[in-house]
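Below, each chain spelled out in residue letters.
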Amino acid sequence: MTEVAIVGLGIHPFGRSPELTGLEQGAVAARAALADAGTDFKAMQFAFGGSQDGGNADSLVNLLGLTGLQFTNIWNGCATGGSSLNAAYSAIRSGQYDMGLVVGFDKHARGAFNPQPRDWGLDDWYGETGLMLTTQYFAMKIQRYMHDHGISRDTLVRVAEKAFRNGSITPTAWRQTALSWEEIEHAPMVSEPLNKYMFCSPAEGGCALVLCRADMAQQFTSRPVLLKSAVVRSRHYGSFEVFSPSQAPTVAPSPTVTASQAAFEFAGIGPEDVDVAQLQDTEVGAEIMHMAENGFCAHGDQEHWLREGVTEINGRLPVNTDGGCLANGEPVGASGLRQVYEICHQLRGSAGARQVPNNPKVGYTHVYGAPGISGVNILAV
Amino acid sequence: MADQLPLHPGLFSWPSKRPELLGSRCLECGEHAFPSQDSCRACGSEQTEIVGLGHSGTLWTWTVQSFMPKSPYLTDETPETFRPYGVGYVELPCGLKVESRLRENSPDSLAIGLDMELEIIPVRCNDEGTQLMTFQFCAAEVS
């Protein structure tokens, strides 16, 4: 069976772009990815795209060209990008198509998301009484995790510190100002133990990738990146998830654990083979928990990993080298693809000031989102 | 017209001397759910019964909501009169962990493992002036 290569990378800077719609930011990213691959939209046989608040992704054909291609809209929460990539992976692996585009974009209103209970199978009382906030869930999950695994507040601060430091050398990031340990520690509290600088915010941006059969890749780039696995998994009974009025007595592994294990199995490698990773960091606790849930360390090891700088750009396993969601914000439709964009640049050796020095061969991306869904991609050169 | 009504039916037994949470239990696999469900989220069975879940438990995790949430939160409060509230999961005798508002709202008064008790409290008034009631947990009195 043919392998799948990523041959074009495009992004529209994340943050706030009042002059452009979400769709237009998607078009900017798509054109950049096509130009990066030295090709054009007419050569695309398929596209998968997604956006939460930016409109129907397939409206992009009005901007990119009405070529008649198969364009499928994907909507899967925070795993939208992962699901689009998974669909593209399958379309090429199966032999149905040779080449296509994956694109995601978004443009969210300022402030936290305001989900509606009915959309999540819940009754209105749950939202009306003030329980339907993702910030509360993240705070409660890391609170319990800190209790169970001996994670200190210092480690929470260090994750944010790293994110903004990496964001400060990422030209397309939203937050490009490094923050000191003290500035982070003394920020206003949002939901104990997490404060203002420990959460990412909804934002805007676009990201796109051109994929093709690996045996065609050299036509488009001298530095193709192979997509070794693209896995999406949903939750099991008992996993501790957002928007849950009750949780089962026994805590089951999260969908991240099952997605990660499946992705490693498909790729035929293990966590020890990964040189650079992107782990969903909608808040600092998520990055900490996801280090262990993806198999990179034991629960509790994060405490000394952060202290020793293991996940810094020059560390043994650099994590979120572009500042992750914390520094880039989260335009939901584009966020998962940004992770893949960054890893591809790291594997190509074209990540500029944030290039990891360990000559990376294997990269890893992970998203996690409501109501308990996870997407993992493994990439290699 | 009643002065007080539950915000949503079926969440708790009330009025009653000792209100308790109401949930469902699967007749096939025995797993509990809150709020009650007609089908079991563990095994998919459609055979469930309504059961009392008790009025006490221990705090499994917690946080504090420090700012007034936007919609879908519905309240008579204003950002000026808003008081932070605790939120936690309380582990009940059957093992189920139920998410709830907590009366305690400062980190100093909350800790994992704390004994908690159910109380029924007003959330807001409806257009007719009736107080709508919901549940919350508070730290149990030390006897």
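Refer to the preceding data block for the structure.
Residues numbered from 1 in each chain as written. Chains lettered and ligands numbered in written order. Predicted model: local features only at pLDDT ≥ 70, side-chain atom pairs only at ≥ 80, totals over all residues. Heavy atoms only, no water.

S.K.: What am I meant to see in the interface of chain A and chain B here?
M.R.: Accessible area lost when the parts come together is the quantity often used to give the size of an interface. With 37 residues of chain A at the contact, the number on the chain B side is 42 residues. For the chain A and chain B pair, buried surface summed over both sides reaches about 3,400 Å², with 59% attributable to carbon and sulfur atoms. On the surface where chain A and chain B come into contact, there are one salt bridge. Of the charged contacts, one joins E128(A) and R124(B) as a salt bridge, the two residues approaching to 2.8 Å between their closest N and O atoms. For the pair chain A and chain B, the interface holds 26 residue pairs in polar contact (both at pLDDT 80 or more). Listing elements by their share of the side of chain A that touches chain B, those giving two or more residues are α4 (124-128), α5 (134-149), β5 (189-191) and β9 (246-247) of chain A. When residues of the side of chain A that touches chain B are assigned to their parent elements, the largest contribution, six residues, is made by α5(A). Residue composition of the side of chain A that touches chain B, by class: 18 nonpolar, 13 polar and six charged. (Contact = heavy atoms within 4.5 Å. Buried area = accessible area lost by both parts, 1.4 Å probe. Salt bridge = Lys/Arg side-chain N within 4 Å of Asp/Glu carboxyl O. Polar contact = N/O pair within 3.5 Å; in protein donor to acceptor, adjacent residues only side chain to side chain. Helix = DSSP H or I, 4+ residues; strand = E, 2+ residues; numbered from the N terminus. Nonpolar A, V, L, I, M, F, W, Y, C, P; charged D, E, K, R; others polar.)

S.K.: Looking at this structure, I do not really get the packing of helix α6 (residues 153-167) of chain A against helix α9 (residues 284-293) of chain A. What am I missing?
M.R.: Residue and element names in this part refer to chain A. At a minimum axis distance of 9 Å, the contact between α6 and α9 shows a crossing angle of 100°. Relative to α9, α6 is oriented roughly perpendicular. Taken together, the residues of α9 that come into contact with α6 (itself represented by T155, L156, V159, A160 and K162) are V284, E287 and I288. Classifying every residue of the contact of α6 with α9 gives five nonpolar, one polar and two charged. (Axes fitted to C-alpha atoms, helices over the stretch in contact; angles between N-to-C directions. Parallel < 35°, antiparallel > 145°, perpendicular 65-115°, else oblique.)

S.K.: What exactly am I supposed to notice about unusual backbone geometry here?
M.R.: Generally, phi is negative for residues other than glycine and the peptide bonds are trans, each holding for most cases. Following E192(A), the chain continues into P193(A) via a peptide bond in cis, with omega recorded as 5°. Checked against the element boundaries, P193(A) lands in the loop between β5 and β6 (194-195). Between F34(B) and P35(B) the backbone carries a cis peptide bond, its omega angle lying at -10°. Positionally, P35(B) belongs in the loop between β3 (32-33) and β4 (48-54). Located in the positive-phi region is F243(A), a residue other than glycine, with phi close to 55°. As for its position among the elements, F243(A) is in the loop between β8 (225-234) and β9. The backbone of N359(A) shows a phi angle near 45°, a positive value even though the residue is not glycine. Within the element layout of this structure, N359(A) appears in the loop between α12 (332-348) and β11 (362-369). Exposure remark for N359(A): the relative accessible area of 54% places this residue in the exposed category. (Buried < 20%, exposed > 50% of the residue type's maximum accessible area, 1.4 Å probe, protein only.)

Functional significance is not addressed by these values, which are geometric in nature.
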